[in-house]
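Listed below, chain by chain, are the residues.
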Amino acid sequence: MTDISLIDRLLDVIEHDIVPKTQEGVAHGNKLFGAAILKKGDRSLVLAETNNEIENPLWHGEVHCLKRFYEMPKAERVDTKEAIFLATHEPCSLCLSAITWTGFDNFYYLFSHEDSRDSFAIPHDLKILKEVFTLDPGGYNAENAYWKSFSIRRLVLALPEAERGRLEARIGKIAALYEALSGDYQANKAENDIPLN
């Protein structure tokens, strides 16, 4: 059974912790992808970050979050097996590998690869899966020996109607924030130095 309080908490983190950082990042020319790490036990936030490809094209939202995580003093970090990894957008092949290599046994995401392509005009995730790895969209194993992945939207679709409607309304508000961020990014991306902008 889907834990409704977990979905609410993940949406809280996106809305209140990741979005503000992403607004600042997009204003500097970065893409709109972000990530966060939470403790499984009490769901408290360990760290939230956003894309920083202006500094380095490898600093996707998830990878930049992991970079910052490992820059924290060890005493302040949680064991990755005791953590929830949250991505605003379904991780690309680079980010999937980074999540795997750092030992997380899970990740949750809000927007799919198709959303990145269709709603946010950033098609590179799907193109790379096809061109480099010869995989169809969704061609990676969503559950494997390393981790389980969860689409927040799919989890919401499986809920009873009353909760589903409430959470879909929340997601709609968050999606509107990301649509505005996408518009800002697309309008200014010609000025940045990101190879796959």
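Look up: the structure comes first, before these words.
Residues numbered from 1 in each chain as written. Predicted model: local features only at pLDDT ≥ 70, side-chain atom pairs only at ≥ 80, totals over all residues. Heavy atoms only, no water.

Chemist: Any chance you could break down the sheet that holds strand β1 (residues 34–39) for me, citing the residues and the numbers?
Modeler: The strand order β2-β1-β3-β4-β5 describes an open sheet built from five strands, whose pairing is mixed. Two strands close off the open sheet at either side, each with one partner strand: β2 (45–50) and β5 (148–151). Neighbour-to-neighbour, the strand axes of this sheet turn through a mean angle of 15°, independent of strand direction. Pairing between strand β3 (residues 83–89) and strand β4 (residues 106–111): three bridges, direction parallel. Considered in β4, the bridge of leucine 86 is made with tyrosine 108. (Pairing = 2+ DSSP bridges. Helix = DSSP H or I, 4+ residues; strand = E, 2+ residues; numbered from the N terminus. Axes fitted to C-alpha atoms, helices over the stretch in contact; angles between N-to-C directions.)

Chemist: Account for the environment of alanine 83, with residues named and values stated.
Modeler: In this structure, alanine 83 sits in strand β3. On the accessibility criterion, alanine 83 (0% relative accessible area) is buried. Separated by twelve residues in the primary sequence, alanine 83 and cysteine 95 have C-alpha atoms spaced 16 Å apart. Apart from residues no more than four positions distant in its own chain, alanine 83 is found in contact with Ile37, Leu38, Lys40, Val78, Phe104, Asp105 and Asn106. (Buried < 20%, exposed > 50% of the residue type's maximum accessible area, 1.4 Å probe, protein only. Contact = heavy atoms within 4.5 Å.)

Chemist: How would you sum up the environment of serine 151? Please name residues and give values.
Modeler: Inspection of the secondary structure assignment puts serine 151 in strand β5. Under the relative-accessibility criterion, serine 151 is labelled buried at 9%. Residues serine 151 and phenylalanine 107, 44 residues apart in the sequence, show an inter-C-alpha distance of 8.8 Å.

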